[in-house]
Amino acid sequence: ISNGQALCKPCNRSKSSTMSVPYQNHLPAGFTIRTWQKEFIERFVTEAIRQCTLNPCDIKAFILHAFPGTGKSLAQTLAAKVLYAEGYIDFVVMCVPSVNLKDQMKEDAARVGLILNNKKITEMAEYGLIVSYQQLAYRSKETGKLVNAEYLAKICANKRVMVCADEMHHIGNQASWGAGFKLAFEEHAVVRLLTSGTPF
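Given the structure is predicted, the values throughout are model-derived calculations rather than measurements.

Draft legend 1. The arrangement of the overall build of the protein in detail. Within the protein, the regular secondary structure consists of 7 helices and 6 strands. Tracing the protein from N to C terminus, the helices and strands come up as α-α-β-α-β-α-β-β-α-α-β-α-β. Over its C-alpha atoms, taken along the principal directions, the protein stretches across nearly 55 × 40 × 35 Å. By residue count, 46% of the 200 residues in the protein fall in the buried class. Relative to all contacts within the protein whose residues are 6 or more apart in sequence, the contacts with residues 24 or more apart total 75%. Of the roughly 10900 Å² of accessible surface on the protein, 52% is carried by carbon and sulfur atoms.

Here is the structure:
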């Protein structure tokens, strides 16, 4: 309470845009990040903090576009670790288009101390999960329901979840992958990051 300030919107945004983001605390020893990664983390984390208390229907996704092989996975996992460590989120779900990328994302997350489960969609993971878009599109043969997407939606309803859609162009509205992603995260996810290395 003693640190509270009554601010108009422009002053509040001006103040939040200059806040420092403590990403250095989570870098592996002796590791430095690229200039674009630093700029992305500072802008994304600041914007995520500004939006995470809004009603989920008012939260806008942040889009990161960087070419393949430039370090998107490390940048997004480092940003997630900062938000987790600073207490703005409780759980992370990284969505990727392939099994190989699930493994790569898990390794990059572990480098910054973010331990993610990439085998089964289960809430037992301490920090969060890595899932493929194909897993999100899985339908029960008996009921026809998007079982995994529904399970993730329940996690989002009970935890403050950051979702990342890596290579977001794979979840077009007409695809079953997109329907699963929308069901899982649209209603409750409090932090939303979309990335792409494909310039279209």
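Draft legend 2. Structural context of the sheet that holds strand 5 (residues 161–165). The 6 strands lie next to each other as 1-6-5-2-4-3, forming an open sheet whose pairing is parallel. Lying at the two open borders of the sheet, with one neighbouring strand each, are strand 1 (62–65) and strand 3 (116–117). Relative to strand 4 (residues 128–132), strand 3 is paired through 2 bridges, and the arrangement is parallel. Bridge pairing in strand 4 places Asn117 opposite Leu129.

Draft legend 3. Structural detail: the pairing of strand 4. By the criterion of burial, strand 4 is predominantly enclosed, with 5 of the 5 residues buried. For strand 2 (residues 91–96) and strand 4, the ladder comprises 5 bridges, and the chain directions are parallel. Across the sheet, residue Cys95 finds its bridge partner in strand 4, namely Val131.

Draft legend 4. Here's a closer look at helix 7 (residues 176–185). Here helix 7 has its buried residues at Gly178, Gly180, Phe181, Ala184 and Phe185. All buried residues of helix 7 project into a common sector of 160 degrees when viewed along the axis, lining one side. Where helix 7 is buried, its residues meet strand 2, helix 5 (133–136), helix 6 (147–158), strand 5 and strand 6 (191–196).

Draft legend 5. The arrangement of the pattern of salt bridges in detail. Using the criterion set out here, one finds 5 salt bridges in the structure. Between Arg50 and Glu47 there is a salt bridge, and its shortest N-O distance comes to 2.5 Å. Taken together, the residues Arg50 and Glu47, both in helix 2 (residues 35–51) and 3 residues apart, mark about one turn of the helix. Judged by its relative accessible area of 29%, Arg50 is partly exposed.

Draft legend 6. The arrangement of the packing of helix 6 against helix 7 in detail. Where helix 6 meets helix 7, the axes come as close as 7 Å, and the angle between the chain directions of the two elements is 25 degrees. Comparing the axis directions of helix 6 and helix 7 gives the class roughly parallel. Crossing geometry of helix 6 relative to helix 7 is assigned as right-handed. In this structure, helix 6 uses Ala149, Glu150, Leu152, Ala153 and Cys156 to contact helix 7, whose residues at the interface are Gly180, Leu183, Ala184 and Phe185. Residues belonging to the contact of helix 6 with helix 7 are distributed by class as follows: 7 nonpolar, 1 polar and 1 charged.

Draft legend 7. Inspection of the nonpolar core at higher detail. Counting residues in each nonpolar core, the largest one holds 37 residues, and the members touching the most others are Phe40, Ile41, Phe44, Val45, Leu83 and Val191. When residues of this core are traced back to their parent elements, those giving at least two are helix 2, strand 1, helix 3 (72–85), strand 2, helix 4 (99–111), strand 5 and strand 6. Per-element accounting of this core gives the leading share, 7 residues, to helix 3. Ignoring sequence-local partners within four residues, the contact set of Leu83 consists of Phe44, Val45, Ala48, Ile49, Tyr88, Ile89, Met162 and Val191. Among the nonpolar cores identified, the runner-up in size contains 23 residues, and Leu129, Leu146, Cys156 and Ile171 belong to it.

About the cut-offs
- Residues numbered from 1 in each chain as written.
- Predicted model: local features only at pLDDT ≥ 70, side-chain atom pairs only at ≥ 80, totals over all residues.
- Heavy atoms only, no water.
- Helix = DSSP H or I, 4+ residues; strand = E, 2+ residues; numbered from the N terminus.
- Buried < 20%, exposed > 50% of the residue type's maximum accessible area, 1.4 Å probe, protein only.
- Contact = heavy atoms within 4.5 Å.
- Areas by Shrake-Rupley, 256 points an atom, 1.4 Å probe, with all protein chains shown as cover.
- Pairing = 2+ DSSP bridges.
- Arc of directions from axis to C-beta.
- Salt bridge = Lys/Arg side-chain N within 4 Å of Asp/Glu carboxyl O.
- Axes fitted to C-alpha atoms, helices over the stretch in contact; angles between N-to-C directions.
- Parallel < 35°, antiparallel > 145°, perpendicular 65-115°, else oblique.
- Left-handed = near helix turned anticlockwise from the far one by under 90°.
- Nonpolar A, V, L, I, M, F, W, Y, C, P; charged D, E, K, R; others polar.
- Core = buried A, V, L, I, M, F, W, Y, C linked by side-chain atoms within 4.5 Å.

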